[in-house]
Every structure is written in structure tokens, then in C-alpha cells.
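# Overview (structure and organization)
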Amino acid sequence: MMGSKFRYLVILIGMLFAGCFTDNKQSYNQELLDFDISPDGKSIIFSWGDNDNSVIYKSDINGNNPQELFHPQDNFSSYLPRYSPDGSKIVLIRRNSKAKKSSIWVVDYEGKNLKEVVDNESLNIEAIFSYDGKSLYFTRASDYSGGPKSRKAAHGFDIYSFDFYSKKIEKISNFKAYNLYYISSLNNDDILFSMRDEVDGVFIYQKKINELKKIIVVNDTVNNSQAYSNPISINNNNIICSSYYDIVKIDLNAQKEKVILSSNGSQFKAIKYNHKIAKIFFQKRDIGNSIYSINTDGSGLKEIPLSIK
């Protein structure tokens, strides 16, 4: 039971990211794909699947007044938008519908000054701003393969950086991981992410000393730490992540987890935390085009429906 459950979770984790990099033509048919919350807690940035394209929109924090951030050109779809720490810029992934490789772009929060910063000569999967906003961290896959019974997808993941001042791209890890998703910058030295490889779970990578640390809890009674995903930081001592059908808070010092919210049968798709308003935001797979918010103690559950007309 645990083995089949875990294999299913691994498949789900890759669908949001690697699904954009398969041989099969994607058809979204009006679907919320991914989102981020502005640092001031006043707006939502999200990617919206529209037939065979993915477009970036911005709305009020309650889901009202959705506006297209910029009009896509040259058959490029845009994915995985992420705010800069000061909210002034957004980084996103762009990919031509006929190509496997992808590029990284930065645009002002108003949708102006769209600029490519990493070209489309590689499988660039996900990008975020560093903690101080002076650079980007992004994941890149070195392999694109599949088995006799599985579709082709990106593998061989590592983390790279792009410095806005020097324009230099640097490889900062040597994982060659099977899957690596949901990266976030904890501080100027540490990167938090979910990885599936010889060891599975949520990890902190201390890039300055090249040390990888797996998040383990002492009350891990059924090996749920192997299924930790969607990690996001609340503060220096606590992170939020999903574990099978639960959202849990993990005290890094005490190495203990506490369930904040249990699902009614649908996997959690993406989790964010906004420090300004101290709320957790998340998506649930196959539960319409809505984002939900809750307090860190699990109270105040609220649905935020999103719709593009």
C-alpha cells in the first residue's frame, strides 16, 4: 500500500513541471496551472492554461479583476511565475509549443520590460529570485528520456544561478537528481526544495559549504518524510510542506511535524506562504480553478475562485 501510494505521489509531483516538457502536445482547456502571492499580500500572479497555450495573469488577492500580464507572441507559453522579494519583478519560464527546451524571462510587475535572461538552449524547468533579489536560482535538467511504458520527461536535475550584475550563469550543485522541484531561497546561503532520487523528501542545500541536508522528523512514524513535498519557509525554524494528503508544519529545531490541514481525498498541488499577512495559500488537484488560504494553525479556511472570461 505504501509503495503504490508513494509512486503515485512521485508522478503527481512531476506533472506540473515536467508536463510542459513532454513529447505529447499539451491541451489545458481553461485551467489554473500555478500561482504566487505578491510580497505585500495584495495580488496573485498565476499561469492559466488556455487550449494549447499558457498565459500569465494577475488578479487582486480575492481573485477579482484578472488581467493578462503581457500578450504571448511567437507561440510562446509562459509558466511558473514567481515574484521578486520586493514585488517589483516577476520571473517566469517560457517555451515554444514546438520545442522541448525553454528560456527564463523577467518582467516588471506591471507587465512591462519583458526580457530574456537565460536562453532556450537547455531544459530550464523552474526559476526563483534569490533571498536578496540580486540573482536567480533555477533548475536545469541534463536528460530527456523515458521508458517503454512511460512518456519522455526531464531528468538529471541540478541548481544553477544567474547574477543580474555580472550576467554570469553558474552551476551550484552536482545532484543529477531524477526529479527536483519547488525550490525556494531560505536566506543568502540556503536553498529549500523537494527531490526524488536515491533518497526522497525535502532538503536544504547549503551552497556555500556544498552540504545537502534532508529534513527528518522524530515523530515520522510511517515514513511520511519520504513524501514531503511543496516546501516553503515560514521563518528560520519552521517550514510548511505537504505529506501525502496533509499539509504539515515542521519545527526544524525540535524535528517534529504537526498536521495543519488534512485533504478530503485530493492531493495538494502547490503551497505558498505570505509573510506579510501570515497566511498559507494552496491549490488542490482536480478541485476546480481555485486557490485556498488558511492560517498557520489551520483555521480560517477560505476559497479564492479564479476565472478568465
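Residues numbered from 1 in each chain as written. Predicted model: local features only at pLDDT ≥ 70, side-chain atom pairs only at ≥ 80, totals over all residues. Heavy atoms only, no water.

Time to look at the overall build of the protein. Secondary structure summary: the protein contains one helix and 23 strands in total. Put simply, the protein has 309 residues, and 54% of those count as buried. Long-range pairs, those at least 24 residues apart, make up 40% of the contacts in the protein between residues at least 6 apart in sequence. Taken as a whole, the protein presents about 14,600 Å² of accessible surface, with 45% of it coming from carbon and sulfur. (Helix = DSSP H or I, 4+ residues; strand = E, 2+ residues; numbered from the N terminus. Buried < 20%, exposed > 50% of the residue type's maximum accessible area, 1.4 Å probe, protein only. Contact = heavy atoms within 4.5 Å. Areas by Shrake-Rupley, 256 points an atom, 1.4 Å probe, with all protein chains shown as cover.)

With that out of the way, let us pick up the layout of surface pockets. Over the atoms a probe the size of a water molecule is rolled, and this reveals where empty space is left. Here the largest pocket is characterised by a volume of approximately 810 Å³. Breaking the lining of the largest pocket down by element, the ones donating at least two residues are β1 (31-37), β5 (76-83), β8 (115-129), β12 (179-185), β16 (228-235) and β20 (268-274). When grouped by side-chain class, the residues that make up the lining of the largest pocket number 15 nonpolar, eleven polar and five charged. (1 Å grid on protein atoms, 1.4 Å probe; cavity = no way out; pocket = protein on both sides within 12 Å on 5 of 7 lines; lining within 4 Å. Points joined across faces, edges and corners; volume = space filled by probe spheres on them. Nonpolar A, V, L, I, M, F, W, Y, C, P; charged D, E, K, R; others polar.)

Turning next to the environment of S130. Here S130 shows up in the loop between β8 and β9 (135-145). On the basis of relative accessible area, S130 is assigned to the buried category, the value being 3%. The sequence separation of S130 and P85 amounts to 45 residues, and the corresponding C-alpha distance is 8.0 Å. Not counting residues up to four positions away in its chain, the partners in contact with S130 are P85, S135, L136, Y137 and S185. At 3.4 Å, the side chain of S130 and the backbone nitrogen of K134 are in polar contact. (Polar contact = N/O pair within 3.5 Å; in protein donor to acceptor, adjacent residues only side chain to side chain.)

Turning our attention to the side chain of S135. Relative to the assigned elements, S135 resides in strand β9. Of the residues examined, S135 reaches a relative accessible area of 13% and is grouped as buried. When sequence neighbours within four positions are dropped, the list of residues in contact with S135 reads I128, F129, S130, F162, D163 and F164.

Grouped together as the largest cluster of nonpolar side chains are 21 residues, with contacts concentrated most on F157, I159, F175, L180 and F193. When residues of this core are traced back to their parent elements, those giving at least two are β8, β9, β10 (153-163), β12, β13 (190-196) and β14 (201-206). When residues no more than four places from it in sequence are discounted, the contact partners of I159 are Y137, F138, T139, E170, K171, I172, S173, F175, L180, I191 and F193. (Core = buried A, V, L, I, M, F, W, Y, C linked by side-chain atoms within 4.5 Å.)

Evaluated as defined, the whole model comprises six salt bridges. The partner of K269 in a salt bridge is E31, and the shortest N-O contact between them spans 4.0 Å. Placement of the pair is K269 in strand β20 and E31 in strand β1, with a sequence separation of 238 residues. A residue is classified by how much of its surface remains accessible, and E31, at 29% relative accessible area, is partly exposed. A salt bridge links K171 to D158, with the nearest nitrogen and oxygen atoms 3.8 Å apart. Here K171 is found in strand β11 (residues 169-171), whereas its partner D158 is found in strand β10, with 13 residues between them in sequence. Classification of D158 as buried rests on a relative accessible area of 3%. (Salt bridge = Lys/Arg side-chain N within 4 Å of Asp/Glu carboxyl O.)

Read from one edge of the open sheet, four strands run β16-β17-β18-β19, paired in antiparallel fashion. The two strands at the open ends of the sheet, each matched to only one other strand, are β16 and β19 (256-262). Between one strand and the next, the sheet's axes are offset by a mean angle of 25 degrees, whatever the strand orientation. In this structure, strand β18 (residues 246-251) lies alongside β19, joined through six bridges in antiparallel fashion. Counterpart to K249 in the pairing with β19 is K258. (Pairing = 2+ DSSP bridges. Axes fitted to C-alpha atoms, helices over the stretch in contact; angles between N-to-C directions.)

With that settled, consider the environment of F162. Considering the arrangement of structural elements, one finds F162 in strand β10. A residue is classified by how much of its surface remains accessible, and F162, at 4% relative accessible area, is buried. Those residues in contact with F162 that sit more than four places away from it in its chain are V117, V118, S135, L136, F138, K167, K168 and I169.

Let's shift gears to unusual backbone geometry. Both trends apply: most residues other than glycine have a negative phi, and most peptide bonds are in trans. Phi at K176 is positive, roughly 50 degrees, even though this residue is not glycine. Examined against the element boundaries, K176 turns out to sit in the loop between β11 and β12. Overall, K176 belongs to the exposed group, its relative accessible area being 57%. With a phi angle near 55 degrees, A278 is a residue other than glycine that sits in the positive phi range. Along the polypeptide, A278 turns up in the loop between β20 and β21 (279-284).

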